[in-house]
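Residue-level listing of the chains:
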Amino acid sequence: RHIIDDFRDILSQSLGKHASFSSNNHSAQRHKQCILAEARLVLGRDTDVIQNCCMDLAYIVDNALASNHGKNARELKMTPQDQQSAVILVRLLGNVVYRCRQNQDL
């Protein structure tokens, strides 16, 4: 599970690199943004990344809720591994749908 989390983390960080435009390298930055946008689009359209991330996140939350039965949300306890996985999944989901209406509609 650690290896999968590492790959997800690398992917989410890569997709999260939003170029800032400056006048001296506007063309290169625009190209980088186009590549990131296309990568997001392909991941949403041609893979099950979004669906699998949602299912994995639901599994983590369901297990946490089951093991914390009777406690309110502020008292919810998760293992450090589950916490890290949840953060990575949310970051990956956010970066895959960032500025991509098609992925947001999935």
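Everything discussed here concerns the structure shown above.
In this report, we go over the structure that sits alongside the text. Computed from a predicted structure; not experimentally measured.

Quick word on the pattern of salt bridges
One pass over the full model with this rule turns up three salt bridges. The shortest N-O distance in the salt bridge between aspartate 56 and arginine 8 comes to 2.2 Å. On the criterion of sequence distance, the pair formed by aspartate 56 in helix H3 (residues 49–67) and arginine 8 in helix H1 (residues 2–15) is long-range, its members being 48 residues apart. Arginine 91 is paired through a salt bridge with aspartate 9; the nearest N and O atoms lie 2.7 Å apart.

Details of helix H4 (residues 80–97)
Under the 1.5 Å per step criterion, the end-to-end length of H4 is 26 Å for 18 residues, consistent within 8% with the ideal 26 Å. The complete set of buried residues in H4 reads Gln81, Asp82, Ser85, Ala86, Ile88, Leu89, Leu92, Leu93, Asn95 and Val96. Backbone geometry just after H4 places arginine 99 at a positive phi near 55 degrees.

Quick word on H3
The terminal C-alpha atoms of H3, which comprises 19 residues, lie 27 Å apart, in line with the 27 Å expected from a rise of 1.5 Å per residue. Where H3 is concerned, the buried positions are Val49, Ile50, Cys53, Leu57, Ile60 and Ala64. Mapping the buried residues of H3 onto a view down its axis gives an arc of 100 degrees, with all of them on the same face. Facing away from the buried side of H3, by more than 90 degrees, are the exposed residues Met55, Tyr59 and Ala66.

Conventions adopted
- Residues numbered from 1 in each chain as written.
- Predicted model: local features only at pLDDT ≥ 70, side-chain atom pairs only at ≥ 80, totals over all residues.
- Heavy atoms only, no water.
- Salt bridge = Lys/Arg side-chain N within 4 Å of Asp/Glu carboxyl O.
- Helix = DSSP H or I, 4+ residues; strand = E, 2+ residues; numbered from the N terminus.
- Expected span 1.5 Å × (residues − 1).
- Buried < 20%, exposed > 50% of the residue type's maximum accessible area, 1.4 Å probe, protein only.
- Arc of directions from axis to C-beta.

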